[in-house]
Amino acid sequence: MLTDYSQDGFVESYLTQSRNHIFGSVAVLIFVFDIESREFQADVVSYSNIIRALHECSPTAKVFCLIHKMDLVQARLREAMYIERSNYIRDASEGFSDTVEFFPTSIWDQSLYKAWTKIIYFLIPNAGTIEALLSQLADIIDARELVLYERTTCLTVAHVTRGDGEDNPFHDRFERISSILKTHKQSMAKHTNIPAGSANFAEMQIKTGRFMFFITRLTENTNLAVAIPPSEQIFNAARVNIFQVRPRFAELDIASKPRPPIQQAFAGSADTIDSHSSKGKEKVMG
């Protein structure tokens, strides 16, 4: 279940009339704070009431807080304000104060992709198994890096880095690629007149004298990005091995099972989060 509300009337109704229904069996709660909100104190009070209900009905849930619109804060004050707000919110997190995670976010950089990627990873029950299989595949095809992306949202599901790839200085490269893929999908949708969620590509290849890189479909719901040494032999062998291993990854693809697919909960989240009102708001997932 995905619930999003930012009006006091809905909050009051959910806390009283639908308390057990809304907050029972919740896996993740995501609360978004507007860094420029003029009612920050009221937002924290609302958050505290919601946290109390969550702890009562779903004490094992995970809480994520996004401190949003950080780009509107002067660069020299940004980190200090983020830490101040995070500590204040943590103090109001009661039973979740030790486990709540915070992310500074903005629509103008890759921070939203980083936050949503972490949240999705937490929700995938077999993430460790997927990473282990990716690691085996990376060893077989001599890949420097493998990155598994969800096809609809273009968010990172899991990744494996080995060899020279561990020295890559671009620590936000996964989020950057997510942003590039999302923009590419939107461009394809615009020029082909098909829904953005349905716009996908079969394969993308980049070959240079220093490395080779390609993104290809792995399962019905995922794409795999592959970085390998600059060798046509390794490149061709990698494509064959990935084709052979697709059925094994398909077995682990929870989105292909008869249950609500994960992309339905997250599709467009990284793009639309800023379109809501500036008051504190939450998403509850169970």
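Note on numbering: residues in each chain are counted from 1, in written sequence order. Totals for whole chains, interfaces and linings use all residues, but because this is a predicted model, local features are given only for residues with pLDDT of at least 70 and pairs of side-chain atoms are given and counted only at 80 or more. Side-chain measures here rest on the full set of heavy atoms in the structure, leaving out hydrogens and waters.

Participant: Honestly, the overall build of the protein chain in this entry has me stumped. Any pointers?
Facilitator: Helices and strands together make up the secondary structure of the protein chain, namely 10 helices and 10 strands. Each residue's exposure class comes from its accessible area (1.4 Å probe, protein chains only) as a fraction of the maximum for that residue type: buried when under 20%, exposed when over 50%, partly exposed otherwise. By the burial criterion, 47% of the 286 residues in the protein chain qualify as buried. Within the protein chain, contacts between residues separated by at least 24 positions form 67% of all contacts whose residues are at least 6 apart in sequence. Roughly 14,400 Å² of accessible area belongs to the protein chain as shown, and the carbon and sulfur atoms make up 52% of that amount. In this text, helices come from DSSP runs of H or I with a minimum length of four residues, and strands from runs of E with a minimum of two, each type numbered from the N-terminal end. The contact criterion used throughout is that any non-hydrogen atoms of two residues lie within 4.5 Å. Here the open area of atoms and residues is found with the Shrake-Rupley method and a 1.4 Å probe, where only the protein chains shown may cover a residue.

Participant: Whenever I open this one, helix α7 (residues 173-192) confuses me. Can you help?
Facilitator: Since there are 3.6 residues in each turn of an α-helix, residues three or four apart along the chain are aligned in direction. The span one expects for a helix is its residue count, reduced by one, times 1.5 Å. Its 20 residues place the ends of α7 28 Å apart at the C-alpha level, agreeing with the 28 Å of an ideal helix rising 1.5 Å per residue. Looking at α7, one finds that the buried residues are R173, F174, E175, S178, L181, K182, K185, M188 and A189. N193 occupies a position one or two residues after α7 and carries a positive phi of about 60°.

Participant: Explain the pairing of strand β8 (residues 212-219) to me, please; I cannot follow it from the model alone.
Facilitator: Two faces belong to every sheet, and in a regular strand the side chains alternate between them. For β8, a buried count of seven out of eight residues is recorded, marking the element as mostly surrounded by other parts of the structure. From the end of strand β7 (residues 203-207) to the start of β8, which pair antiparallel, there are four residues. Judged from the seven bridges that link them, β8 and strand β9 (residues 222-228) form a sheet pairing that is antiparallel. Bridged to M212 within β9 is I228. What makes two strands pair is DSSP finding at least two bridges between them. Taking the residues that link successive antiparallel strands as the turn, the β8-β9 hairpin has two residues.

Participant: Got a minute to help me understand the sheet that holds β7 in this structure?
Facilitator: Strand pairing in a sheet relies on backbone hydrogen bonds, with the paired strands running either antiparallel or parallel. Across the sheet, five strands lie side by side as β6-β5-β9-β8-β7; this open sheet has antiparallel pairing. Among the strands making up the open sheet, the edge pair consists of β6 (156-161) and β7. Geometrically, the sheet is characterised by an average inter-axis angle of 15° between neighbouring strands, direction not taken into account. In this structure, β7 lies alongside β8, joined through five bridges in antiparallel fashion. Bridge pairing in β8 places E203 opposite T216. Sitting on the sheet, helix α8 (residues 232-252) is in contact with β7, β8 and β9, with an inclination near 20° to β8. For helices, the fitted axis covers only the stretch in contact; all axes are lines through C-alpha atoms, and the angles between them, taken along N-to-C directions, range from 0 to 180 degrees.

Participant: It is not clear to me how the side chain of R173 should be interpreted in this structure. Could you clarify?
Facilitator: The topology assignment puts R173 in helix α7. Polar side-chain contacts of R173 include one of 2.7 Å to the side chain of E145. Polar contact is defined as a pair of N or O atoms within 3.5 Å, subject to the rule that within protein one atom must be able to donate a hydrogen and the other to accept it, and that residues adjacent in sequence are counted only when both atoms are side-chain atoms. Polar side-chain contacts of R173 include one of 2.8 Å to the backbone oxygen of F170.

Participant: Help me understand the packing of aromatic side chains, please; the structure alone is not making it clear to me.
Facilitator: Two descriptors summarise a pair of aromatic rings, namely the distance from one centre to the other and the angle between the planes of the rings. We call Phe, Tyr and Trp rings a pair once their centres come within 6.5 Å, taking the six-membered ring for Trp, and we label the pair stacked below 30 degrees between planes, edge-to-face above 60, and tilted otherwise. This model, assessed by the stated rule, comprises eight aromatic pairs. A centroid spacing of 5.5 Å and a plane angle of 65° characterise the contact between F33 and Y47, whose relative ring orientation is edge-to-face. Linking F33 in strand β2 (residues 28-34) with Y47 in helix α3 (residues 40-57), this pair joins segments that are 14 residues apart in sequence. The two residues F33 and Y47 agree in class, both being buried. Across from the ring centre of F40, 4.2 Å away, lies the NZ or CZ of R85, which sits over that ring. By definition, being over a ring means that NZ of Lys or CZ of Arg is both within 6 Å of the ring centre and within 35 degrees of the ring normal.

Participant: When you look at the packing of α3 against helix α4 (residues 75-91) in this model, what are you seeing that I'm missing?
Facilitator: Each packed pair of helices is defined by two parameters, the angle between the axes and the distance between the axes. At a closest axis distance of 10 Å, the pairing of α3 and α4 adopts a crossing angle of 35°. Read as a crossing pair, α3 and α4 show a hand that is right-handed. Seen from α3, the contacting residues are F40, Q41, V44 and Y47; seen from α4, they are R85, Y88 and I89. Note that Gly is not counted as nonpolar here; it falls among the polar residues with everything else outside the nonpolar set of Ala, Val, Leu, Ile, Met, Phe, Trp, Tyr, Cys and Pro and the charged set of Asp, Glu, Lys and Arg. In terms of residue class, the contact of α3 with α4 is built from five nonpolar, one polar and one charged. Handedness of each helix crossing follows the sense of rotation of the near helix against the far helix: counterclockwise by less than a right angle gives left-handed, clockwise gives right-handed.

Participant: Looking at this model, I keep getting lost on the pattern of salt bridges. Mind explaining?
Facilitator: Two side chains with opposite charge may pair up if their charged atoms get near one another. Whenever Lys or Arg places a side-chain nitrogen within 4 Å of a carboxyl oxygen from Asp or Glu, that contact is recorded as a salt bridge. Enumeration over the complete set of coordinates arrives at 11 salt bridges. Between R52 and E94 there is a salt bridge, and its shortest N-O distance comes to 2.8 Å. Of this pair, R52 sits in helix α3 while E94 sits in the loop between α4 and β4 (101-104), and the two are 42 residues apart along the sequence. Owing to a relative accessible area of 37%, R52 belongs among the partly exposed residues under this scheme. For E94, a relative accessible area of 38% corresponds to the partly exposed category.

The quantities given are spatial measurements derived from coordinates; they are silent on function.
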